[in-house]
Amino acid sequence: MKTKRTDQPQKISKPRVNVVTLGCSKNIYDSEVLMGQLKGNAFDVVHEAEKLNRDDIIVINTCGFIDNAKQESIDTILQYSTLKEQGKVGKVIVTGCLSERYKPELEAEITNVDSWFGTNDLQNLLHTVGANYKHELIGERLLTTPSHFAYFKIAEGCNRPCSFCAIPLMRGKHVSKPMDELVTEAKKLAANGTKELILIAQDLTYYGLDIYGKRNLDELLRNLSDVNGIEWIRLQYAYPSGFPMEILDAMNERENICKYLDMPLQHISDNMLKSMRRGITKQKTIDLVNQIRDKVPGIAMRTTLITGYPGETERDFEEMAQWVEETRFDRLGCFTYSHEEKTHAYSLEDDVPEEVKQERADAIMEIQQGISFEKNQEKIGKTFKVLIDKKDGEYFVGRTEFDSPEVDNEVLIDANLHYATPGSFVNVKIASAEDFDLYGQIVK
Ligand code: SF4
């Protein structure tokens, strides 16, 4: 009988790590960095795998932004900690914003979670699962998005005093990433087939002020635009006050910087902007939007608004609704105000009833739906460069340079009549349009 040689070290198979991501694109980015490090430590790592293994280590990257998001994070933690009790998974580890913000309370409430980490705890988390942080992997990550586009975090944290916002409590002060590191990261992504970089931060336009003593997002844009293989660079989360107009020069100069700008404006009435501590007035906001549109003709502007902020009168709301009608943003999202502890606004009375907050948000989105429909009609007969994201049922689904993934319009192409490879660019002539979707044919 052949006996097993005993001098051979027993290969201990590491448990698989199953990462679950909640919240915003910045959390997606952080999960991808974590997964890249785990892979670099020879772990089998997956993202939100449905089929679970009994010894799986579940890492939940949570969101702690506003009520709904917090509840979703808590429900997800409870879901997996119950599965652990049932012996269906091995360990449950929680990280991210909710854990950063409420660790002591959560630890006391949910006792069967193995470990809790904050938003800036990657090395400790890795150590806890038996991995080591590898500096040589900086700029490398495991994408959870289709590989042809990637969220590209250029800074962490925020120095702004917005009264309603808990993000600085969870993400700390603004810290820009060194330009050379970002360019290296972009080159690695491009080498792996990424064509679209979606630049994200809490406040994109603050880039460089901390480490270079000046705003130099425009310089970063030009350097990223020079990276071979990058065909689209998209800007998300620009801040209005002190907006660096020079980035629009880079946008006009460079074909591969999308004529797209996401700039959350939150409100327009001076009464609200002042109380929100946004550092900008109604007139300055209107002037800024006009200047941007003058400087980059055809630019698609996305914004985000809040309804039901403390003290918001019917008149404040009417003022915002009228401004939305007049400004005709290309893309718009609207949140209802969430009364967040330890924020400046928490000292104010949350005096707008929840149902009124929601009615106002619905009214704003109804106006926007009409605007989006009209703007989409104007696209019929025109041809656009479209990046194909996926095949979904009868359609290939893609986006123009005016659309960010997940939140904006989509272009649908009948898969019975056309073929396109996800991750490829095609020219599409728009044949018909709905509120938020365009339909078209692939043309040469
Ligand atoms: S800019 Fe304002 S709203 Fe945005 S993350 Fe910073 S504090 Fe929050």
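Here we summarise the structure given alongside this text. (Residues numbered from 1 in each chain as written. Predicted model: local features only at pLDDT ≥ 70, side-chain atom pairs only at ≥ 80, totals over all residues. Heavy atoms only, no water.)

1. Concerning the packing of helix α7 (residues 217-225) against helix α8 (residues 246-253)
Look at α7 against α8: their axes get within 8 Å of each other, and the N-to-C directions meet at 20°. Taken together, the axes of α7 and α8 are roughly parallel relative to one another. The element α7 and its partner α8 pack so that their crossing is right-handed. Residues Leu217, Asp218, Leu221 and Arg222 of α7 lie in contact with α8, whose contacting residues are Glu246, Ile247, Asp249, Ala250 and Glu253. Residue composition of the contact of α7 with α8, grouped by class: four nonpolar, no polar and five charged. (Axes fitted to C-alpha atoms, helices over the stretch in contact; angles between N-to-C directions. Helix = DSSP H or I, 4+ residues; strand = E, 2+ residues; numbered from the N terminus. Parallel < 35°, antiparallel > 145°, perpendicular 65-115°, else oblique. Left-handed = near helix turned anticlockwise from the far one by under 90°. Contact = heavy atoms within 4.5 Å. Nonpolar A, V, L, I, M, F, W, Y, C, P; charged D, E, K, R; others polar.)

2. Thoughts on the pattern of salt bridges
Under the criterion given, the structure shown has 35 salt bridges. Measuring nitrogen to oxygen at the nearest pair gives 2.8 Å for the salt bridge that ties lysine 70 to glutamate 340. One end of the pair, lysine 70, is in helix α2 (residues 67-85); the other, glutamate 340, is in the loop between β13 (331-336) and α12 (354-377), with 270 residues separating them in the sequence. Look at lysine 70 and you get buried, because its relative accessible area is 9%. (Salt bridge = Lys/Arg side-chain N within 4 Å of Asp/Glu carboxyl O. Buried < 20%, exposed > 50% of the residue type's maximum accessible area, 1.4 Å probe, protein only.)

3. Structural notes on the packing of aromatic side chains
This structure, assessed with the given rule, holds nine aromatic pairs. Taken together, a centroid distance of 6.4 Å and an interplanar angle of 85° make the contact between phenylalanine 65 and phenylalanine 335 edge-to-face. Of the two residues, phenylalanine 65 sits in the loop between β3 (57-62) and α2 while phenylalanine 335 sits in strand β13, which places them 270 residues apart along the sequence. Of the residues examined, phenylalanine 65 reaches a relative accessible area of 28% and is grouped as partly exposed. Take phenylalanine 335: its relative accessible area is 40%, and that puts it in the partly exposed class. Summarising the aromatic geometry, the rings of phenylalanine 396 and tyrosine 419 are spaced 5.4 Å apart at their centres and angled 85° between planes, so their arrangement reads as edge-to-face. (Phe/Tyr/Trp six-rings, centres within 6.5 Å; stacked < 30°, edge-to-face > 60°.)

4. Here's the deal with α2
Spanning 19 residues, α2 covers 27 Å between terminal C-alpha atoms, matching the ideal 27 Å at 1.5 Å per step. Within α2, the full set of buried residues consists of Ala69, Lys70, Ser73, Thr76, Ile77, Tyr80, Ser81, Leu83 and Lys84. The buried residues of α2 occupy an angular sector of 155° when the element is viewed end-on, so they sit on one face. Facing away from the buried surface of α2 by more than 90 degrees, the exposed residues are Asn68 and Glu85. The inward-facing, buried residues of α2 abut β1 (17-21), β3, β4 (91-96), α3 (97-109) and β5 (115-116). Immediately downstream of α2, the backbone of glycine 87 shows phi near 75°, a positive value. (Expected span 1.5 Å × (residues − 1). Arc of directions from axis to C-beta.)

5. Brief notes about the environment of glycine 172
Within the fold, glycine 172 resides in the loop between α5 (167-171) and β8 (175-176). Distance from glycine 172 to cysteine 158, taken between C-alpha atoms, is 6.4 Å for residues 14 residues apart in sequence. Those residues within four positions of glycine 172 in sequence are excluded, and the remaining contacts are Gly157, Cys158 and Ile167.

6. Things to note about a negative patch on the surface
On the surface, a cluster of negative charge is contributed by Glu355, Glu359, Asp362 and Glu366. Positionally, glutamate 355 belongs in helix α12. (Patch = residues over 30% accessible without salt bridge, like charges linked within 9 Å, V, L, I, M, F, W, Y side chains within 5 Å. Areas by Shrake-Rupley, 256 points an atom, 1.4 Å probe, with all protein chains shown as cover. Lys, Arg positive; Asp, Glu negative; His and termini not counted. Charge placed at Lys NZ, Arg CZ, Asp CG, Glu CD.)

7. Remarks on helix α1 (residues 25-40)
Taking 1.5 Å as the rise per residue, α1 with 16 residues should run 22 Å; its terminal C-alpha atoms sit 22 Å apart, in good agreement. For α1, the buried fraction is high: 12 of the 16 residues fall into the buried class. Listed in full, the buried residues belonging to α1 are Ser25, Lys26, Asn27, Tyr29, Asp30, Ser31, Glu32, Leu34, Met35, Gly36, Gln37 and Leu38. Positive backbone phi, at 65°, marks alanine 42, one or two positions downstream of α1.

8. Quick notes on the sheet that holds β5
With parallel pairing, five strands are arranged side by side in an open sheet as β2-β1-β3-β4-β5. Only two strands of the sheet have a single partner each, and these edge strands are β2 (45-47) and β5. Across the sheet, α1 touches β1, β2 and β3, and the angle it forms with β1 is around 170°. Sitting on the sheet, α3 is in contact with β3, β4 and β5, with an inclination near 125° to β4. (Pairing = 2+ DSSP bridges.)

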